[in-house]
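Read off the chains here:
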Amino acid sequence: MEKQRMKRTVICYFFLCITAGLLFYFSLICGSSSIPPAAVYGLLKGTLHEGASYRILFDIRLPRTISAFLLGGGLSVSGYLLQSFFRNPIAGPFVLGISSGAKLTIALLMIFALKNSFVIQSGMMVSAAFIGAILCMLMVLLFSGKVRSGAQLVIAGVMIGYICNALTDLAVTFADDANIVNLHNWSKGSFSGTEWKDVRIMTILILAASVCAFLLSKPISAYQLGESYAANMGVHLPIFRIFLILLSSILSACVTAFAGPISFVGIAVPHLMKGLFGTARPLIMIPAVFLGGGVFCMGCDLIARTLFAPQELSVSTVTAVFGAPVVIFVMLYRANERSTI
């Protein structure tokens, strides 16, 4: 049995790696302006150093594809941590209003910066998003101590998200026309416009937070079996909860800061990976969720910018189309489980 599980895990990882490689390749050659595969190979190898293809590949598509993979992976890990923390299968940064809180603080920062004519640095964006994410997370935690069911917790998170979105719309109402255009483009969710300096920052933040989450695999595994069991296994629950909150907030804040609010990835991908790998062990699931989230977002971004090229869809539109059915299936499956007990 253990050998079969190991074989399945290896096959699934191999499948994800191959899919990631193919999507990465097609993301570089496909778009409103196609680049021949031979030209891509020459540019990556370094034999070609100029021309429009060089600028398109290295200034636009390569940083965009890397950011889609990293941010997708980070958002999926954030969703997995929240699902483990709240023991709720549809908990996620978007559903619980955490992404909306980050969106609100970034929108306020953008309006203030544009009115006072100063340039927003990437660190400022991430910091503002982190503050908004933490505030909303604290509100969700406050509600989690008052409600008795997971459904009520999700409803509370959705309401928090609506409040944050309403405050964002209120701020936009008093913004200048130029501010409204910038906020509207950012709030749709997109990996476009990513620069190499942004890639460096998101790589450090997301990989560091994901590695920390992986190092918590054993405590998470114990926590999934119950708080009493985790405490008996030596897990210091208050510190453990703080780490989970901080890591999930950092990951979701980083995604919102660089790509805007991306819907359903944090909920759908963990369930897809659990079904694919046939296990919920954090030691296997955290790397799988990161890799699966990267594949999911690269695929959605490729569809968003090629389906109706040169017109580009928002990434959240595509992720909702593929992610929402997964959430509906999970809710129906759990309802059937409860009805048969």
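Residues numbered from 1 in each chain as written. Predicted model: local features only at pLDDT ≥ 70, side-chain atom pairs only at ≥ 80, totals over all residues. Heavy atoms only, no water.

Trainee: If you had to explain the overall build of the protein to someone new, which residues and values would you point to?
Mentor: Across its full length, the protein carries 14 helices and zero strands. Ordered by position in the sequence, the α and β elements of the protein form the string α-α-α-α-α-α-α-α-α-α-α-α-α-α. By the burial criterion, 50% of the 341 residues in the protein qualify as buried. Sequence-distant contacts, at least 24 apart, represent 78% of the contacts inside the protein between residues at least 6 apart. Carbon together with sulfur atoms contributes 69% to the accessible area of the protein, which is approximately 16,700 Å² in total. (Helix = DSSP H or I, 4+ residues; strand = E, 2+ residues; numbered from the N terminus. Buried < 20%, exposed > 50% of the residue type's maximum accessible area, 1.4 Å probe, protein only. Contact = heavy atoms within 4.5 Å. Areas by Shrake-Rupley, 256 points an atom, 1.4 Å probe, with all protein chains shown as cover.)

Trainee: A description of unusual backbone geometry should follow, citing residues and the corresponding values.
Mentor: Most peptide bonds adopt trans geometry, and most residues besides glycine take a negative phi value. Despite not being glycine, F264 has its phi angle at roughly 70°, a positive value. Considering the arrangement of structural elements, one finds F264 in the loop between α11 (237-259) and α12 (265-277).

Trainee: Break down helix α9 (residues 217-224) for me, citing the residues and quoting the values.
Mentor: Buried within α9 we find S217, P219, I220, A222 and Y223. Of the residues flanking the end of α9, it is G226, one or two places downstream, whose phi is positive at about 125°.

Trainee: Describe the nonpolar core, and please don't skip the residues or the numbers.
Mentor: Counting 78 residues, the largest nonpolar core has L71, L81, F86 and I206 as its most contacted members. Per-element tally for this core: the top contributor is helix α13 (residues 282-306), with 14 residues. Those residues in contact with L71, other than ones at most four positions away along the chain, are F191, M202, I206, C254, V255, F258 and A259. Residues I29, V40, L43 and F58 belong to the second largest nonpolar core, which totals ten residues. (Core = buried A, V, L, I, M, F, W, Y, C linked by side-chain atoms within 4.5 Å.)

Trainee: Kindly report on the packing of aromatic side chains, identifying the contributing residues and their values.
Mentor: In total, this model carries six aromatic pairs according to the counting rule given. Centre to centre, the rings of F85 and F86 are 4.8 Å apart; their planes meet at 85°, and the pair counts as edge-to-face. Residue F85 is classed as buried on the basis of its relative accessible area, which comes to 10%. Its relative accessible area of 13% is what places F86 among the buried residues. Ring geometry for Y223 versus F240: centroids 5.2 Å apart, planes at 50°, classification tilted. On the criterion of sequence distance, the pair formed by Y223 in helix α9 and F240 in helix α11 is long-range, its members being 17 residues apart. Taken as a pair, Y223 and F240 share a single burial class, namely buried. (Phe/Tyr/Trp six-rings, centres within 6.5 Å; stacked < 30°, edge-to-face > 60°.)

Trainee: Pulling in residues and values, what's your account of the pattern of salt bridges?
Mentor: All told, the structure shown has six salt bridges when counted by the stated rule. Among the salt bridges present, the one from R64 reaches D301, with a minimum N-O distance of 2.8 Å. In this pair, R64 is assigned in helix α3 (residues 52-86) and D301 in helix α13, connecting sequence segments 237 residues apart. Look at D301 and you get buried, because its relative accessible area is 2%. Linking E227 and R241 is a salt bridge whose minimum nitrogen-to-oxygen distance equals 3.1 Å. Of the two residues, E227 sits in helix α10 (residues 227-232) while R241 sits in helix α11, which places them 14 residues apart along the sequence. On the basis of relative accessible area, E227 is assigned to the partly exposed category, the value being 34%. Each of R64, D301, R305 and E312 takes part in a single network of salt bridges with overlapping partners. (Salt bridge = Lys/Arg side-chain N within 4 Å of Asp/Glu carboxyl O.)

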